[in-house]
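# Examination of the molecular architecture
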Amino acid sequence: MTTTTRYDDYDVLARIYNEDWISGLFQETIPVLEKLLLNHLNKSSHILDLCCGTGHLAQQLIKKGYKITGIDGSEQMLGYARENAPEAKLILDDARFFNLPATFDAVVSTTGSLNYVMKIEELVSVLKNVYNALVDNGIFLCHFFTQEEFQTNWNGKISGNVKDDYAWATRNIYHPENQIGQIYLTVFSLMDKSWQRLDKVISEKCYSKEEIIYALETAGFSSISRYDAHYDLGISPMPGSNYFLCYKHRHI
């Protein structure tokens, strides 16, 4: 893996994610994991947190007694993760290319991280890497934002925050004709007594439920179940936040 292949577009989001977004992103994540995954694992289970971001989920799982390894393609995200989850093993790598032995009882990917994978064939590659990292009968729980979410929250919605040395603003736009959402981000940072401006466009792919199931099956997963956090779990206030639970079954 090299920096030319590693997806690091969200380096610029690391501070925003760590300081401003994390509480909202994890309002539903921990309850969902408790409902769908953790009751199937032993307390000593080894969990891979794929696209672990700033390490907040890793730390919550460590507190519950699990052994955690985290992977992320953003060096900036992992900088925060080392502070937030010092007991986790953290690996800088791209989800499309990582190669780990079959040592994990479960793999999780939360907060819509896999929506950043822009092509279905690359998504299949990610999922094959996950499959190979799981022990027989290991569990994979992944989260995607689907069309309802993009149609509701990517209609020009603007958000932001201003701090003494830092300010940011985002505008989210969804393009239904090609199923792509774009985050138009502007960041101002105070450096050497002057303000530096950075503009960036970050894209996400809106996969259909059928495409996600196809990718999981192509990677080898079976016993796939889908849960909408609003309709099925009663956790999210809006539809479109979808969790897929599946297994790597031992082939006899």
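Rules used throughout
- Residues numbered from 1 in each chain as written.
- Predicted model: local features only at pLDDT ≥ 70, side-chain atom pairs only at ≥ 80, totals over all residues.
- Heavy atoms only, no water.
- Helix = DSSP H or I, 4+ residues; strand = E, 2+ residues; numbered from the N terminus.
- Rg over C-alpha atoms; globule rule 2.2 N^0.38 Å.
- Buried < 20%, exposed > 50% of the residue type's maximum accessible area, 1.4 Å probe, protein only.
- Contact = heavy atoms within 4.5 Å.
- Areas by Shrake-Rupley, 256 points an atom, 1.4 Å probe, with all protein chains shown as cover.
- Axes fitted to C-alpha atoms, helices over the stretch in contact; angles between N-to-C directions.
- Parallel < 35°, antiparallel > 145°, perpendicular 65-115°, else oblique.
- Left-handed = near helix turned anticlockwise from the far one by under 90°.
- Nonpolar A, V, L, I, M, F, W, Y, C, P; charged D, E, K, R; others polar.
- 1 Å grid on protein atoms, 1.4 Å probe; cavity = no way out; pocket = protein on both sides within 12 Å on 5 of 7 lines; lining within 4 Å.
- Points joined across faces, edges and corners; volume = space filled by probe spheres on them.
- Patch = residues over 30% accessible without salt bridge, like charges linked within 9 Å, V, L, I, M, F, W, Y side chains within 5 Å.
- Salt bridge = Lys/Arg side-chain N within 4 Å of Asp/Glu carboxyl O.
- Pairing = 2+ DSSP bridges.

## A few points about the overall build of the chain
A tally of helices and strands in the chain yields 7 helices and 11 strands. Its C-alpha atoms give the chain a radius of gyration of 18 Å, within 12% of the compact-globule value 18 Å for 252 residues. A buried classification covers 52% of the 252 residues belonging to the chain. In the chain, 66% of the contacts between residues at least 6 apart in sequence involve partners at least 24 apart. By element, 48% of the accessible surface of the chain is carried by carbon and sulfur atoms, the whole surface being about 11,700 Å².

## Here we look at the environment of Y214
Note that Y214 resides in helix α7 (residues 209-219). As a C-alpha pair, Y214 and V124 span 90 residues in sequence and 8.8 Å in three-dimensional space.

## A word on the packing of helix α2 (residues 29-36) against helix α3 (residues 56-63)
At a closest axis distance of 11 Å, the pairing of α2 and α3 adopts a crossing angle of 45°. Here α3 runs oblique to α2, going by the angle between their axes. Here the hand of the crossing between α2 and α3 comes out right-handed. Taken together, the residues of α3 that come into contact with α2 (itself represented by T29, I30 and L33) are L57, Q60 and L61. Looking at side-chain class alone, the contact of α2 with α3 contains 4 nonpolar, 2 polar and no charged residues.

## Structural notes on the layout of surface pockets
The computed volume of the largest pocket comes to approximately 1,000 Å³. Lining of the largest pocket is provided by 37 residues; of these, W21, G24, L25, F145 and E149 occupy positions nearest its centre. Mapped by element, the contributors of at least two residues to the lining of the largest pocket are α1 (14-25), β5 (134-145), α6 (147-153), β6 (155-162), β7 (166-175) and β11 (241-248). Here the lining of the largest pocket takes 5 residues from α1, the largest share from any one element. Looking at the lining of the largest pocket, its residues break down into 17 nonpolar, 14 polar and 6 charged.

## Overview of a nonpolar patch on the surface
A cluster of nonpolar side chains, contributed by F188, L190 and W195, occupies part of the molecular surface with about 280 Å² of accessible area. Relative to the helices and strands, W195 resides in strand β9 (residues 194-205). Judged by relative accessible area, which is 45%, W195 ranks as partly exposed.

## Things to note about the pairing of β5
Counting buried residues along β5, 9 of its 12 residues qualify, which places the element largely inside the surrounding structure. In terms of strand pairing, strand β4 (residues 104-109) meets β5 through 5 bridges, oriented parallel. Across the sheet, V107 pairs through a bridge with F140, a residue of β5. One ladder, built from 8 bridges, connects β5 with β11; its direction is antiparallel. Opposite C142, over in β11, you have F244 as the bridge partner.

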